[in-house]
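Residue-level structural notes
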Amino acid sequence: MKKNFSRYKMRQTFLLIFLLFQFTSLVAQTSLQEIGLENGPFGVGFRHEIKWDSSRTYSRVFDYSNKITPRPIPISIWYPTEQLSTDLEPMQVLDYMRILKEEEEWEHLPDEQILNWFYYPNTPSNQNHLNEKTTAYAHAELGNQKFPVIVYASSFQASSIENFALCEFLASHGFVVLSSPSRGTETRWFSNKLSKEMETQARDVEFLLKEAGQFPLSETDKIALMGFSFGGLGAIITQNRNDLVKALVSLDGTERYQYDLLSQSPFFDPRNLDVPYIHMAQKDIPENVLQEDKIDAVLNTKFQLFDSLSHSPAYKLKFHKLTHSYFSTLGVLFADRDPRQDKTDYEIMESYKLMSNYVLNFFNATLKDDPQGANFLENNYAASAKELISQEVKRAEEESFTFQDFNDLASRQDYENLETLYDSVLKKHPSFEIPEGNLNTLGLQLVFNPNNPSQGIRVFLFAVRLYPNSANLYDSLGEGYLYLGEKENAVASFEKSLQLYPQNENAIKRLEQLRK
């Protein structure tokens, strides 16, 4: 009665880093309560809906039909709520698993078949998980407050709810979280052309960005992305081509292991990864597992993307007690343990909790400018956690920015609002300075150009605000006004120059001429 598992096996073996479950024999003994994520001050609301992307087509693989529809995008949304109705009951894990079977296109499957049908073992402990209460409440009331937005990109062919505990945790601390399943371009399943599926997921993530703009609680100028495994690739491509994205979290993202695949995207350029970035990697894979599973040992050490970053602050973490699957809630709760390499359930749960706290503090620091979040990141981790994690931090290298670069930007806006432009440049390049002489020369070049001499005046007015004690700049401003026939302004400028430098012979002569 069970369906063919060949597609599911793809998920476990993908990119040579997934656990091979056929070697496992240990059953997980965990619970949401034992993980013990400490929720924040908000209640957690949850909504799930399906939207349609009419620009793309799709077909349901198990319907065995030629019917083509617009691409369905199931969306799970976790959000903060300040009021929880007394008649609401918290969701159970089973409620999330029902979403999983819907996204797997088996929505009519009886609940009692869920653990038989999908890729987690039907054990007493996993059956108990289905009855566990979560911290989310379906359709809880929406308030009026706005919150930063996190868009989650799921792992290889995975459900939107695969990391529901982390998403609830973030919502309780004041974030709106949106997620959709990882689906193939034409059907539920990926094709063999992973570069195409990577682009498809990036487009799905961008669809969620637009949906976030419609959600009433979204603070749309504060948006970040978070991707797990294969979802890390789509998240990076999305960030590369969307200025809306302010920060990026990668949960053992595949960009570390398949940089060549990422590079196949025409939209990817490491120089465009210019927002704060944190990558959390699985532990080193033991030698015996590398050999048995034919995994290249270089995956334990190589991280080409991180090494190439220079335009953003970047954090590289390694969790010494987590294998790849346990960066998700479903993995921690339901997945069998691999006796060749997995740590104890206690260590896995403690590591998952630590990972969740890193994610929270990173988003607090980057989206809320929270100094406590920044302090958490900058001071690495508590001494008691050193056996769980190691960390490397890379500071953003300040890009060289010259007066020529400034002039290029200024000319594009017709030399208007130069003070605003200068302030914006200083935010990105704090050490940038404009030499007085350069402004003087540029102003004269422009003011004597008959095509648009007023540009030169605007440069000089900006220059004297920047250098208010420069007699030379006021003298040049006077020459500009004189050239344009604005005698009163010319007189005022030459007088100011003389006030600053009484021996200015040019100003003395010009004023004698103008007063005759």
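Summarised in this report is the structure supplied together with it. (Residues numbered from 1 in each chain as written. Predicted model: local features only at pLDDT ≥ 70, side-chain atom pairs only at ≥ 80, totals over all residues. Heavy atoms only, no water.)

On to the side chain of Glu 168, then. Here Glu 168 shows up in helix α6 (residues 164-172). Lys 133 provides the closest opposite charge to the buried, salt-bridge-free Glu 168, at an N-O distance of 13 Å. Within polar-contact distance, the side chain of Glu 168 engages the side chain of Thr 134 at 3.2 Å. (Helix = DSSP H or I, 4+ residues; strand = E, 2+ residues; numbered from the N terminus. Buried < 20%, exposed > 50% of the residue type's maximum accessible area, 1.4 Å probe, protein only. Lys, Arg positive; Asp, Glu negative; His and termini not counted. Salt bridge = Lys/Arg side-chain N within 4 Å of Asp/Glu carboxyl O. Polar contact = N/O pair within 3.5 Å; in protein donor to acceptor, adjacent residues only side chain to side chain.)

As enumerated under the stated definition, the model contains 30 aromatic pairs in all. Seen from their ring centres, Tyr 79 and Phe 215 are 5.7 Å apart, and the 55° between their planes marks the pair as tilted. Here Tyr 79 is found in strand β2 (residues 69-81), whereas its partner Phe 215 is found in the loop between α7 (194-214) and β6 (218-228), with 136 residues between them in sequence. The class of Phe 215 is buried, set by a relative accessible area of 10%. Positioned over the ring face of Phe 267 is Arg 241, at 4.3 Å from the centre of the ring. (Phe/Tyr/Trp six-rings, centres within 6.5 Å; stacked < 30°, edge-to-face > 60°. Lys NZ or Arg CZ within 6 Å of the ring centre and 35° of its normal.)

The backbone phi angle of Tyr 64 is positive, close to 50°, even though this residue is not glycine. On the secondary structure map, Tyr 64 appears in the loop between β1 (43-58) and β2. Non-glycine residue Glu 105 carries a positive phi angle of around 70°. Here Glu 105 is to be found in the loop between α3 (93-103) and α4 (114-117). Judged by its relative accessible area of 6%, Glu 105 falls in the buried class.

For Leu 511, the position within the fold is in helix α21 (residues 505-515). With near-sequence residues (within four places) excluded, Leu 511 lies in contact with Val 491, Phe 494, Glu 495 and Leu 498. (Contact = heavy atoms within 4.5 Å.)

Here the focus is the sheet that holds β1. Strand order in the open sheet made by the 10 strands is β3-β1-β2-β5-β4-β6-β7-β8-β9-β10, with mixed pairing throughout. Edge strands, defined here as strands with exactly one partner in the open sheet, are β3 (136-138) and β10 (389-394). Sheet twist, expressed as the mean angle between neighbouring strand axes with direction ignored, is 25°. The pairing of β1 with β3 spans 3 bridges and is parallel. Each residue of the ladder has a partner; that of Gly 45, found in β3, is Tyr 137. Packing against the sheet, α6 makes contact with β1, β2, β3, β4 (147-153), β5 (176-180), β6 and β7 (245-251), and its axis sits at approximately 50° to β2. (Pairing = 2+ DSSP bridges. Axes fitted to C-alpha atoms, helices over the stretch in contact; angles between N-to-C directions.)

The values are spatial; any link to function lies outside them.
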